[in-house]
Amino acid sequence: ITLVALGTSLPDTFASRTAAQMDPYADNSIGNITGSNSVNVFLGLGLPWMIAAIYWEFFASCEAGDTWSLAYPEEALLYPTGKFVVKAGSLTVSVMSFSATALVCMAALFIRRKVFGGELGGPKVSASLTAVFFVSLWCVYIVVSIIFED
């Protein structure tokens, strides 16, 4: 999933980079990448899940001993004809680590706004160090998600 997310977000990253270079404070690039990632998450996850839930509610059916009931024995007791099931797995750890790194990122953006007058502008050295810091936050999130993956 990480590689797919990277592939769908890469064009938006370049668009944000262009916006950051053209805007003195790079505020447009933050809005661009945030909006792009929101659409990726809501449509990329939400739409397929909604279609699957509708399919399982109105069209699919299961019976005892079939593949679905063997794969989800606890759910098969509650829903003998089957339901759309998504196991949470390590979702809690992933959401918590994402939220923590997002808060640190927002704090860094707030500090940069106070110090340099903009989130991504300012001297090249501090901008580069901030970029490295943000990439390292992303790496921390990925590593934590992999370590705690079910």
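Caption draft 1: Spatial organisation of the overall build of the chain. For the chain, the count of helices and strands is six helices and zero strands. Taken from the N to the C terminus, the helices and strands of the chain come in the order α-α-α-α-α-α. A compact globule built from 150 residues should have a C-alpha radius of gyration of about 15 Å, whereas the chain, at 21 Å, is more than 25% larger. Summarising its shape, the C-alpha atoms of the chain cover approximately 65 × 30 × 25 Å along the three principal directions. Within the chain, the fraction of its 150 residues that count as buried is 20%. A fraction of 51% describes how many contacts in the chain between residues 6 or more apart in sequence connect residues 24 or more apart.

Caption draft 2: Seen up close, the state of the cysteines. A full pass over the atoms with the stated rule returns zero disulfides. Left unpaired, cysteine 105 is separated from the closest cysteine sulfur, that of cysteine 139, by 13 Å. On the accessibility criterion, cysteine 105 (22% relative accessible area) is partly exposed.

Caption draft 3: Representation of the side chain of glutamate 75 in the model. If you trace the backbone, glutamate 75 turns up in helix α4 (residues 73–78). Looking at glutamate 75, the relative accessible area reads 16%, which means it is buried. Within the structure, glutamate 75 has its side chain in polar contact with the side chain of lysine 87 (distance 3.2 Å).

Caption draft 4: Focus on a nonpolar patch on the surface. On the surface, Val39, Leu43, Leu47, Met50, Ile51, Ile54, Tyr55, Phe58 and Phe59 cluster together to form a nonpolar patch covering roughly 950 Å² of accessible area. Relative to the helices and strands, phenylalanine 59 is located in the loop between α2 (27–58) and α3 (67–71).

Caption draft 5: Here's a closer look at the packing of aromatic side chains. Under the defined criterion, the tally for this structure stands at six aromatic pairs. Measuring from centroid to centroid gives 5.9 Å for tryptophan 56 and tryptophan 68, while their planes differ by 35°, and the two rings are tilted. Here the residue tryptophan 56 occupies a position in helix α2, and tryptophan 68 occupies one in helix α3, the gap between them amounting to twelve residues. The rings of Tyr55, Trp56, Phe59, Trp68 and Tyr72 are connected pair by pair, giving a single aromatic cluster.

Caption draft 6: Highlighting the packing of helix α5 (residues 91–116) against helix α6 (residues 124–147). Put simply, α5 and α6 touch, their axes get as near as 9 Å, and they point 170° apart. Viewed along their axes, α5 and α6 adopt a mutual orientation that is roughly antiparallel. Contacts between α5 and α6 involve Val93, Ser94, Ser97, Phe98, Thr101, Val104, Cys105, Ala108, Leu109, Arg112 and Phe116 from the former and Ser126, Ala127, Thr130, Phe133, Phe134, Leu137, Val140, Tyr141, Val144 and Ser145 from the latter. Taken together, the residues that form the contact of α5 with α6 break down as 14 nonpolar, six polar and one charged.

Caption draft 7: How the structure looks around α2. Between its first and last C-alpha atoms α2 spans 45 Å; for 32 residues at 1.5 Å apiece the expected length is 46 Å, and the two agree. At glycine 46, α2 shows its maximal bend, which comes to roughly 25°, and the proline proline 48 appears one to four places after that position. Three or more residues of α2 are buried, namely Ser29, Ser36 and Ala52.

Caption draft 8: Spotlight on the environment of cysteine 105. Looking at where cysteine 105 falls in the secondary structure, it is placed in helix α5. Leaving out residues up to four positions away in the same chain, cysteine 105 has contacts with Phe134 and Leu137.

What counts and what doesn't
Residues numbered from 1 in each chain as written. Predicted model: local features only at pLDDT ≥ 70, side-chain atom pairs only at ≥ 80, totals over all residues. Heavy atoms only, no water. Helix = DSSP H or I, 4+ residues; strand = E, 2+ residues; numbered from the N terminus. Rg over C-alpha atoms; globule rule 2.2 N^0.38 Å. Buried < 20%, exposed > 50% of the residue type's maximum accessible area, 1.4 Å probe, protein only. Contact = heavy atoms within 4.5 Å. Disulfide = S-S within 2.5 Å. Polar contact = N/O pair within 3.5 Å; in protein donor to acceptor, adjacent residues only side chain to side chain. Patch = residues over 30% accessible without salt bridge, like charges linked within 9 Å, V, L, I, M, F, W, Y side chains within 5 Å. Areas by Shrake-Rupley, 256 points an atom, 1.4 Å probe, with all protein chains shown as cover. Salt bridge = Lys/Arg side-chain N within 4 Å of Asp/Glu carboxyl O. Phe/Tyr/Trp six-rings, centres within 6.5 Å; stacked < 30°, edge-to-face > 60°. Axes fitted to C-alpha atoms, helices over the stretch in contact; angles between N-to-C directions. Parallel < 35°, antiparallel > 145°, perpendicular 65-115°, else oblique. Nonpolar A, V, L, I, M, F, W, Y, C, P; charged D, E, K, R; others polar. Expected span 1.5 Å × (residues − 1). Bend = angle between axes of the 7 residues up to and from the residue.

Keep in mind these values describe shape, not function.
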